[in-house]
Amino acid sequence: MPDIAILNPASLGKPLGQYSQIARVRASEFVFIAGQVATNSAGVGDFEAQCVQVFTNIEAALDSVGATWANVVLFTTYLVDSQDIAKLMAYRGREFPGMFANGAFPPNTLLIVDRLVQEPFLIEVQAIAAL
């Protein structure tokens, strides 16, 4: 099991959402999960449905290498509409406490982009995990 310390030094200020400022990691192996979009057999769906599918896809990727949410050390999140930031924060506020023990949320960089690989996609999330 890797040694992962999730840190929020007071000098950096309080995080503005469900993320931490720093992840200090000692691990023998890293897993880089490509940005996941809401791909499934049911179609794309609205923003909430896309969030659910994106994180379901990441969980499946983690599971495929014997990892869990506890192994995630970094997220990069891409949105195509800044108006969806509040929806993302609400989703993470509701779901992340059950995914990450004791509020030890991985660092996250949030970027607003012109579009993703296909027009219907509203969110994409990339992850890095330590094994």
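Just so it is clear, the model here is predicted, and its values are computed rather than measured.

> Looking at this model, I keep getting lost on the overall build of the chain. Mind explaining?
Broken down by element type, the chain carries two helices and six strands. Helices and strands in the chain line up, N terminus first, as β-β-β-α-β-α-β-β. Expected size for 131 residues packed as a compact globule is a radius of gyration near 14 Å; at 15 Å, the chain falls within 12% of this value. Oriented by its inertia axes, the alpha-carbon framework of the chain measures out at about 40 × 35 × 25 Å.

> So what exactly am I meant to see when it comes to the nonpolar core here?
A general feature of soluble globular proteins is that nonpolar side chains tend to end up buried together. The biggest cluster of nonpolar side chains holds 24 residues, and the ones touching the most others in it are Phe 55, Ile 58, Leu 62, Trp 69, Phe 75, Phe 100 and Ile 123. Looking at this core, the elements that each hand over two or more residues are β3 (30-36), α1 (47-64), β4 (72-79), α2 (85-99) and β6 (123-130). A per-element tally of this core places α1 first, with six residues. Every residue in contact with Phe 55, bar those within four places of it in the chain, is listed here: Trp 69, Phe 75, Tyr 91, Phe 96, Met 99 and Val 125.

Parameters and conventions
Residues numbered from 1 in each chain as written. Predicted model: local features only at pLDDT ≥ 70, side-chain atom pairs only at ≥ 80, totals over all residues. Heavy atoms only, no water. Helix = DSSP H or I, 4+ residues; strand = E, 2+ residues; numbered from the N terminus. Rg over C-alpha atoms; globule rule 2.2 N^0.38 Å. Core = buried A, V, L, I, M, F, W, Y, C linked by side-chain atoms within 4.5 Å. Buried < 20%, exposed > 50% of the residue type's maximum accessible area, 1.4 Å probe, protein only. Contact = heavy atoms within 4.5 Å.

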